[in-house]
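# Remarks on the overall topology
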Amino acid sequence: MSTPTFSNYINGEWIESAKTFEDRNPANTDEIVGLFCKGTAKDVEDAAAAAEAAFPAWSAMPAPARGAILFKAAEILEKQFDLLGAEMTREEGKTLPEAKGEVRRAINIFRYFAGEGSRLPGHLVPSERDRVHMFAIRKPIGVVGLITPWNFPIAIPAWKMAPALVCGNTVIVKPASVSPLCCWRLVEALHEAGIPKGVINFVAGSGGELGQALVNAKPVKAISFTGSNEIGNWLHAEGSKRHLRLQLEMGGKNPTIVLNDADFNSAVENVVNAAFFSTGQKCTATSRAIVEDGIYDRFLEALVERTKKLKVGDGMKPGVDIGPCVDKGQLETVLKYIEIGRKEAGEPLCGGHRLDKGEYAKGYFVEPTVFANVTECMTIAREEIFGPVLAVMRAKDFADAMRIANDVPFGLSASIQTSNVSRVFDFVYKMEAGLLTVNLPSAGVEYQLPFGGTKESSFGPKEQGPAALDFYSDYKTIYLKY
Ligand code: NAP
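Reading the values: rules and limits
- Residues numbered from 1 in each chain as written.
- Predicted model: local features only at pLDDT ≥ 70, side-chain atom pairs only at ≥ 80, totals over all residues.
- Heavy atoms only, no water.
- Near = heavy atom within 4 Å.
- Polar contact = N/O pair within 3.5 Å; in protein donor to acceptor, adjacent residues only side chain to side chain.
- Areas by Shrake-Rupley, 256 points an atom, 1.4 Å probe, with all protein chains shown as cover.
- 1 Å grid on protein atoms, 1.4 Å probe; cavity = no way out; pocket = protein on both sides within 12 Å on 5 of 7 lines; lining within 4 Å.
- Sits in = over half its atoms within 2 Å of the grid points.
- Helix = DSSP H or I, 4+ residues; strand = E, 2+ residues; numbered from the N terminus.
- Nonpolar A, V, L, I, M, F, W, Y, C, P; charged D, E, K, R; others polar.
- Domains from an automatic or database assignment.
- Contact = heavy atoms within 4.5 Å.
- Buried area = accessible area lost by both parts, 1.4 Å probe.
- Salt bridge = Lys/Arg side-chain N within 4 Å of Asp/Glu carboxyl O.
- Buried < 20%, exposed > 50% of the residue type's maximum accessible area, 1.4 Å probe, protein only.
- Right-handed = clockwise from strand over helix to strand, strands pointing away.
- Pairing = 2+ DSSP bridges.
- Phe/Tyr/Trp six-rings, centres within 6.5 Å; stacked < 30°, edge-to-face > 60°.
- Lys NZ or Arg CZ within 6 Å of the ring centre and 35° of its normal.
- Expected span 1.5 Å × (residues − 1).
- Points joined across faces, edges and corners; volume = space filled by probe spheres on them.

## Thoughts on the site of the ligand
In the vicinity of the ligand there are 29 residues, among which Thr148, Ser177, Ser228, Met250 and Glu384 approach most closely. A distance of 3.3 Å is found between an oxygen atom of the ligand and a backbone nitrogen or oxygen belonging to Gly205. Glu384 is positioned such that a nitrogen or oxygen atom in its side chain is 2.6 Å from an oxygen atom of the ligand. The protein chains hide 87% of the 910 Å² of surface that the ligand would expose on its own. Here the ligand is seated within the largest pocket. Elements represented by at least two residues in the shell around the ligand include exactly α7 (207-216), β11 (220-226) and α8 (229-241). The dominant element in the shell around the ligand, judged by the number of residues it contributes, is α7, at three residues. Here the residues of the shell around the ligand sort into 14 nonpolar, 12 polar and three charged. Residues lining the shell around the ligand come from more than one domain, with at least three contributed by each of domain 1 (5-250 + 457-481) and domain 2 (254-438).

## Topic: the domain arrangement of the chain
For the chain, the assigned domains read domain 1 (5-250 + 457-481) and domain 2 (254-438). A separation of 31 Å is found between the C-alpha centroids of domain 1 and domain 2. Facing 24 residues of domain 1, the contacting portion of domain 2 comprises 25 residues. Both sides together, the interface formed by domain 1 and domain 2 hides about 2000 Å², and carbon and sulfur atoms give 60% of it. On the domain 1 side of the contact with domain 2, Ala27, Trp150 and Ser457 bury the most area, a combined 24% of that side's loss. One can count one salt bridge joining domain 1 with domain 2.

## A few points about the pairing of strand β9 (residues 170-174)
Within β9, five of the five residues are buried, leaving the element largely enclosed by the surrounding structure. Side chains Thr170, Ile172 and Lys174 project from β9 onto one buried face, and the interleaved Val171 and Val173 project onto a second face that is buried too. Once the chain exits strand β8 (residues 143-147) it traverses helix α5 (residues 155-166) before rejoining the sheet at β9, and the crossover so formed is right-handed. Relative to strand β10 (residues 200-202), β9 runs parallel, the two being bridged by three bridges. Directly across from Val173, in β10, lies its bridge partner Phe202. What joins β9 to β10 is helix α6 (residues 181-192), and the crossover it makes is right-handed.

## Overview of the packing of aromatic side chains
Aromatic ring pairs are described here by two measures, namely the spacing of the ring centres and the angle between the planes. By the definition in use, this model includes 12 aromatic pairs. Plain terms: the ring middles of Phe6 and Trp184 are 4.8 Å apart, the flat faces sit at 70 degrees to each other, and that makes the pair edge-to-face. Placement of Phe6 in strand β1 (residues 5-6) and of Trp184 in helix α6 is noted, with a sequence separation of 178 residues between them. Overall, Phe6 belongs to the buried group, its relative accessible area being 7%. For Trp184, a relative accessible area of 8% puts it in the buried group. Here Trp150 and Phe386 contribute two aromatic rings whose centre-to-centre distance is 5.5 Å and whose plane-to-plane angle is 70 degrees, an arrangement assigned as edge-to-face. Taken together, the residues span a long stretch of sequence, with Trp150 in the loop between β8 and α5 and Phe386 in the loop between β17 (369-371) and β18 (389-395) at a distance of 236 residues. One residue, Arg298, lies across the ring of Phe264, its end atom 4.0 Å from the ring centre.

## Thoughts on helix α4 (residues 96-116)
Residues lying three or four places apart along an α-helix face the same way, a consequence of the helix completing one turn every 3.6 residues. With 21 residues, α4 extends 30 Å between its outermost C-alpha atoms, agreeing within 8% with the 30 Å of an ideal straight helix rising 1.5 Å per residue. Along α4, 15 of the 21 residues are buried, which leaves the element largely enclosed by surrounding structure.

## Considerations on empty space enclosed by the protein
Counted under the stated rule, the structure contains three cavities of 30 Å³ or more. Of the volumes computed, that of the largest cavity is approximately 110 Å³. Around the largest cavity, the lining comprises 15 residues; the ones closest to its centre are Lys282, Ala285, Ser287, Glu384 and Phe386. Residue composition of the lining of the largest cavity, by class: six nonpolar, six polar and three charged.

## Some thoughts on unusual backbone geometry
Backbone geometry at Asn11 places phi at a positive 55 degrees, although glycine is not the residue there. Here Asn11 falls in the partly exposed class, since its relative accessible area comes to 29%. Phi is positive for Leu120, close to 30 degrees, though the residue is something other than glycine.

## Thoughts on α6
A rise of 1.5 Å per residue sets the reference length of α6, with its 12 residues, at 16 Å; its end C-alpha atoms lie 16 Å apart and thus fit the reference within 8%. Along α6, 10 of the 12 residues are buried, which leaves the element largely enclosed by surrounding structure. What α6 keeps buried is the set Leu181, Cys182, Cys183, Trp184, Arg185, Leu186, Val187, Glu188, Ala189 and Leu190. Positive backbone phi, at 95 degrees, marks Gly194, one or two positions downstream of α6.

## Let's talk about the layout of surface pockets
Here the largest pocket defines a volume of roughly 860 Å³. What lines the largest pocket is a set of 36 residues, and nearest its centre among them are Pro149, Trp150, Gly227, Ser228 and Ile231. Counting only elements with at least two residues in the lining of the largest pocket, the list comes to α7, β11, α8 and α11 (328-345). Split by residue class, the lining of the largest pocket holds 17 nonpolar, 15 polar and four charged. Domain assignment of the residues forming the lining of the largest pocket places at least three in each of domain 1 (5-250 + 457-481) and domain 2 (254-438). What the second largest pocket holds in volume is close to 300 Å³. Surrounding the second largest pocket, 18 residues form its lining, Glu98, Arg105, Phe152, Lys282 and Gly444 being those nearest its centre. Of the residues forming the lining of the second largest pocket, the biggest block, five residues, is contributed by α4. Split into classes, the residues belonging to the lining of the second largest pocket amount to eight nonpolar, five polar and five charged.

Have a look at this one:
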């Protein structure tokens, strides 16, 4: 079977280009999942012009009618459910059940925001003045650029596209180059659902070239980005020069605090789940387990024993818990941090090696790795690794655990494992993170509530839930004497 080629989508047309790039399976690098047309700065300019031309009619369409197109796209995605899950595992590497869970979430996100089309809540309040009617309505911003990462290749494009579109904006989406197919499928579904030409545009290709082109494109009024701090900070500096509205979701160094009174077995499961599932490549993954002194040794022993039982392999195979790193670059980053960890904290208690023999020979596999006795100043306690590497740290008591947990520049997610309600509330009010979990893994969010971090993890309004509308719309306030 020949390798399929996936075109860019500009002004309602599938646009081919002379140059392509490969989307390869990280579990078997012999397999090319697809070839993608390599977009250029000119493609972004064309997409911006098409989106600008489409904006007046799309923004004037009643919001429930825009929502109806999203509902229809969700139906189309539903019919492709199994295909989409398998394609995600093949291009990103996460296990098939994880991939299917993410596809389900993307479909639900489309439906949730489709429903928002019938609400688009504004404000209606009583005036202090006689016979004055005052209210505020939401208006779209215009053309928005979306730049998405590889780790949630369908959910993140969905949670940016759906609120952007339902608010009446027109969109240019630039997916991550290592996993563009899932995002392409969303655009294909919108096309099949009958979205008017120019309303959604898809340009794949080099982040550097297309990112600069998006920042430069005059019709683009806002950019929503999820990815690394390095690129997010660059976008902030560049985009601010022309007052672009920006939403940046970036890295994390998320803690799970385990207290002496935690439900022991579920605390072990929650930490293993949050640290290693999806190969630790979740922005909300736990990379620091901060364990109270009284149970530190027993917890560490159980954690290592459980981690050793995890099965690494091709995510398409039943029984596999952990797939590969997404690409060679990510594998090298993980191996580099494991070496740094060895120098700083000594030999890991489990893992610590690349797997490259037998069934692993053609993929970017690495063992789930646990470092013990990690202290705050160590690199592996401070920098994001984005792989299956866990630093276990000892805390004297709850106050010490909170101090350690907050002592990083990031603030994305955080978790606590305890049965003490007072500790839970202290954690809720004092933990510096945008997303908290209690007696659950630090990762695993739903779409109905705001999502995003604090400190250096995020910039701008939150994503998802009702809050998502705030980035993609402006208020217009009206005072009316009758
Ligand atoms: P990345 O390297 O920053 O890439 C993210 C996106 O930006 C990709 O589409 C990339 O394109 C594009 N890009 C690259 N250079 C660019 C430039 N100069 N201008 C504009 N766009 C550019 O991040 P990643 O490695 O894909 O993702 C991992 C990171 O994302 C981690 O730090 C993780 O914590 C973070 N993340 C955060 C959240 C959150 O909600 N806070 C969620 C998921 C992931 P190419 O692929 O073509 O390079």
